[in-house]
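Letter by letter, the chains look like this.
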Amino acid sequence: LVATPVWMTSVKEKSTTSLLYLEDKLGTLRNLPVIMDELREPKQVDAISGHLGYFTEGSSGGKKRRDRTNFEKKEWQTLMIAGSNQSLRSHSLKNNRNTDAALMRVFEIELPKLPDTHSASMIRRLVESLNHNYGQVGMIYAEYLGQNHKRIFADGIAIETDFQKEVGFVSEERFWSALCVAILYGATLANIILKKNYFHLPEMHAYLVTCYKEQRQFAARNINVGGTSLNAVDTLSQFFKHVADHM
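Residues numbered from 1 in each chain as written. Predicted model: local features only at pLDDT ≥ 70, side-chain atom pairs only at ≥ 80, totals over all residues. Heavy atoms only, no water.

Undergrad: How would you explain the nonpolar core if you had to name every residue and give the values?
TA: Leu103, Phe107, Phe163, Trp176, Cys180, Tyr212 and Ala219 are the most contacted members of the largest nonpolar core, which totals 18 residues. Those elements that provide at least two residues to this core are α7 (149-167), α8 (174-194) and α9 (201-222). Top element by residues in this core is α9. It accounts for six residues. When sequence neighbours within four positions are dropped, the list of residues in contact with Cys180 reads Phe107, Phe163, Leu208 and Tyr212. Membership of the second largest hydrophobic core comes to 15 residues, among which are Leu29, Met36, Ile48 and Leu52. (Core = buried A, V, L, I, M, F, W, Y, C linked by side-chain atoms within 4.5 Å. Buried < 20%, exposed > 50% of the residue type's maximum accessible area, 1.4 Å probe, protein only. Helix = DSSP H or I, 4+ residues; strand = E, 2+ residues; numbered from the N terminus. Contact = heavy atoms within 4.5 Å.)

Undergrad: Run through the packing of aromatic side chains, naming residues and quoting values.
TA: For the structure shown, the criterion picks out three aromatic pairs. Judged by centre distance (6.3 Å) and plane angle (50°), the ring pair of Phe107 and Tyr212 falls under tilted. Taken together, the residues span a long stretch of sequence, with Phe107 in the loop between α4 (88-95) and α5 (120-129) and Tyr212 in helix α9 at a distance of 105 residues. Tyr212 sits in the buried class, given a relative accessible area of 0%. On the numbers, 5.7 Å between centres and 90° between planes, the contact of Trp176 with Tyr212 is edge-to-face. Of the two residues, Trp176 is situated in helix α8 and Tyr212 in helix α9; the sequence distance between them amounts to 36 residues. The class for Trp176 is buried, based on a relative accessible area of 1%. (Phe/Tyr/Trp six-rings, centres within 6.5 Å; stacked < 30°, edge-to-face > 60°.)

Undergrad: Residues and numbers for the pattern of salt bridges, please.
TA: Using the criterion set out here, one finds six salt bridges in the structure. For Glu108, the salt bridge identified is with Arg89, shortest N-O distance 3.5 Å. Note that Glu108 is positioned in the loop between α4 and α5 and Arg89 in helix α4, a separation of 19 residues in sequence. No difference in accessibility class separates Glu108 from Arg89, as the two residues are buried. With a shortest N-O distance of 3.9 Å, Glu128 and Arg124 are connected by a salt bridge. One end of the pair, Glu128, and the other, Arg124, are both in helix α5, four residues apart, so they sit about a helical turn from each other. For Arg124, a relative accessible area of 46% corresponds to the partly exposed category. Through salt bridges with shared partners, a single network forms among Arg89, Glu108 and Glu214. (Salt bridge = Lys/Arg side-chain N within 4 Å of Asp/Glu carboxyl O.)

So this is what it looks like as structure tokens:
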């Protein structure tokens, strides 16, 4: 709700998770983040987790009208952010037990409940103001990207290289790495463009590295793919534990 007004109105819409709706939304926004908040029902989270592979392909499937002409094919390159009290990666495991593909497309950040920092009335006024004040920062950001795209591309590669070296990146983690680098570099550019340190970059960097390593540990404990090193280690560990328990 608070991030959306960087680009567009913050008026909330009902969180619909049908495949056709999400495909249309991704194809319309294209490079703007797709934000879905308050996914309360298990079926909503299942709908997202069940189509992760499709969403990350970056385009809609080929479809024909009744007269045999083709529908316009939609494409996107963006981030999908889902807020929920339920674990998306746990649902991904449940719906995709024999492959790691879905889990490797989810980067989950669990946020602890924090105490209120301001009065409820003040927060309400700030949030309501976003219905009338939105898109301005997005225009400034987009203009900066257009004028400095060569330097941004080069700096982005440097940040990506350093981050991947720090976390010991492997190719299966490419979606996690891309997300973390996008967050870090986006925050860096925001501080530069707005000429103020709104984002505490060292703290963000350290936090994302911690989350990254925790995500990797979660995957190592839960991925069950035959023929992989993760599966082999996990199977051997379970075997030795079983033998020890029955000696």
